[in-house]
Amino acid sequence: MFATLLTLLSALYKAMAGKTPERSFIMVKPDGVQRGLVGEIVKRFEQRGYTLRAMKMMHASKPHLEEHYKDLSSKGFFKDLVAYMNSGPVVAMVWEGKDAVKTGRKMLGETNPLASAPGTIRGDFCIEVGRNICHGSDSVESANREISLWFKPEEIIAWDPCIKDWIQE
Ligand code: ADP
């Protein structure tokens with residue numbers, strides 16, 4: 001009990017001091033996997049300076065996808081969205097680094113690829129909202145929820161890239 005409290009206080013201190021890097025849940029969707037875009041998407045996050053903490057290929061079940069997208073369950077496209085996401089394997093990842101959630105969204109572009117600027121992942125590789133190749137968490141709260149839905153704590157790897165000090169001050 002006391003140890004748990006100490007761990008929580010330490011995490012809180014680090015977060016307040018800005019020492020806990022942010023994490024985002026990024027997922028290559030079935031169309032991105034089928035089109036051979038996994039490497040391209042991974043490359044963009046690596047080259048930006050983010051650290052890959054977890055990664056796995058999964059053919060997610062419909063109930064799992066319904067849970068992932070539960071905030072959209074009232075939308076008319078929900079059933080099609082779940083069918084699309086269940087149509088093949090996805091590659092689920094946790095990327096960590098400064099402002100990973102907000103910057104990850106900028107790197108992705110808009111939900112509608114046609115509204116996405118060239119240079120973004122969706123702006124460079126797709127044209128349909130229902131085939132937009134990659135998911136990225138839209139807030140730190142969503143990221144935490146999504147990471148714990150897709151990964152067990154032991155699947156998130158603690159490591160430091162040796163180039164770390166050349167990427168962050
Ligand atoms: P984002 O993926 O950009 O966070 P949302 O959370 O709003 O966007 O939607 C989740 C996914 O649902 C989108 O990435 C897209 O695949 C699909 N989607 C969203 N809006 C529509 C729509 N109007 N028609 C069909 N599919 C949609």
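Residues numbered from 1 in each chain as written. Predicted model: local features only at pLDDT ≥ 70, side-chain atom pairs only at ≥ 80, totals over all residues. Heavy atoms only, no water.

Identification of the protein chain as Nucleoside diphosphate kinase from Lingula anatina is taken from an unreviewed UniProt entry. Checking UniProt for the protein chain, the heading Sequence similarities (unreviewed entry) contains the comment "Belongs to the NDK family." Listed under Catalytic activity (unreviewed entry) in UniProt, the entry text for the protein chain is "a 2'-deoxyribonucleoside 5'-diphosphate + ATP = a 2'-deoxyribonucleoside 5'-triphosphate + ADP". (UniProt positions renumbered as here; feature names shortened; annotations may be inferred.)

**Section: the site of the ligand**
Neighbouring residues of the ligand: Lys29, Tyr69, Leu72, Phe77, Leu81, Arg105, Thr111, Arg122, Val129 and Asn132. Interatomic distance of 2.5 Å between a side-chain N/O atom of threonine 111 and an oxygen atom of the ligand. One of the backbone N or O atoms of valine 129 is found 3.1 Å from an oxygen atom in the ligand. Relative to its unbound accessible area of 530 Å², the ligand is 74% covered by the protein chains. Here the residues of the shell around the ligand sort into 5 nonpolar, 2 polar and 3 charged. (Near = heavy atom within 4 Å. Polar contact = N/O pair within 3.5 Å; in protein donor to acceptor, adjacent residues only side chain to side chain. Areas by Shrake-Rupley, 256 points an atom, 1.4 Å probe, with all protein chains shown as cover. Nonpolar A, V, L, I, M, F, W, Y, C, P; charged D, E, K, R; others polar.)

**A closer look at the side chain of serine 142**
Within the element layout of this structure, serine 142 appears in helix H8 (residues 140–150). There is a polar contact of 2.7 Å between the side chain of serine 142 and the side chain of aspartate 138. (Helix = DSSP H or I, 4+ residues; strand = E, 2+ residues; numbered from the N terminus.)

**Details of the pattern of salt bridges**
Here the structure, examined in full by the defined rule, presents 9 salt bridges. For glutamate 40, the salt bridge identified is with lysine 43, shortest N-O distance 3.6 Å. Placement of both glutamate 40 and lysine 43 in helix H3 (residues 38–48) is noted, with a separation of 3 residues, approximately one turn of the helix. Accessibility expressed as a relative area gives 36% for lysine 43, which makes it partly exposed. Connected through shared salt-bridge partners, Glu40, Lys43, Arg44 and Asp124 make up one network. (Salt bridge = Lys/Arg side-chain N within 4 Å of Asp/Glu carboxyl O. Buried < 20%, exposed > 50% of the residue type's maximum accessible area, 1.4 Å probe, protein only.)

**Quick look at unusual backbone geometry**
Among all residues except glycine, the phi angle is most often negative; among peptide bonds, the trans geometry is most common. The backbone of aspartate 99 sits at a positive phi, close to 55 degrees, despite the residue not being glycine. With respect to the secondary-structure elements, aspartate 99 resides in the loop between strand S3 (90–96) and helix H6 (100–108). Phi is positive for isoleucine 133, close to 55 degrees, though the residue is something other than glycine. You can see isoleucine 133 is positioned in the loop between helix H7 (121–125) and strand S4 (134–136).

**Overview of the confidence of the model for the protein chain**
Looking at the protein chain, the pLDDT average stands at 92 and 89% of residues meet or exceed 70. With a pTM of 0.90, the predicted complex shows an ipTM of 0.98. (pLDDT = per-residue confidence, 0-100.)

**So, the side chain of arginine 122**
In this structure, arginine 122 sits in helix H7. Despite its burial, arginine 122 pairs with no opposite charge, the nearest such side chain being glutamate 110 at 7.4 Å. In this structure the side chain of arginine 122 is engaged in a polar contact, spanning 3.2 Å, whose partner is the backbone oxygen of glutamate 110. Once you skip the residues sitting within four places of it in the chain, arginine 122 turns out to touch Lys29, Leu108, Gly109, Glu110, Thr111, Pro113, Ser116, Asn132, Cys134 and His135. (Lys, Arg positive; Asp, Glu negative; His and termini not counted. Contact = heavy atoms within 4.5 Å.)

**Observations regarding the UniProt feature "binding site: ATP" (unreviewed entry) in the protein chain**
Residues annotated in UniProt with the feature "binding site: ATP" (unreviewed entry) correspond here to Lys29, Phe77, Arg105, Thr111, Arg122 and Asn132. You can see lysine 29 is positioned in the loop between strand S1 (23–28) and helix H2 (30–34). Once residues within four sequence positions are removed from consideration, lysine 29 is found in contact with Tyr69, Tyr84, Met85, Pro89, Val90, Arg122, Asn132, Ile133, Cys134 and His135. If you trace the backbone, threonine 111 turns up in the loop between H6 and H7. For threonine 111, a relative accessible area of 45% corresponds to the partly exposed category. Excluding residues that lie within four positions of it along the chain, threonine 111 makes contacts with Arg105, Arg122, Val129 and Asn132.

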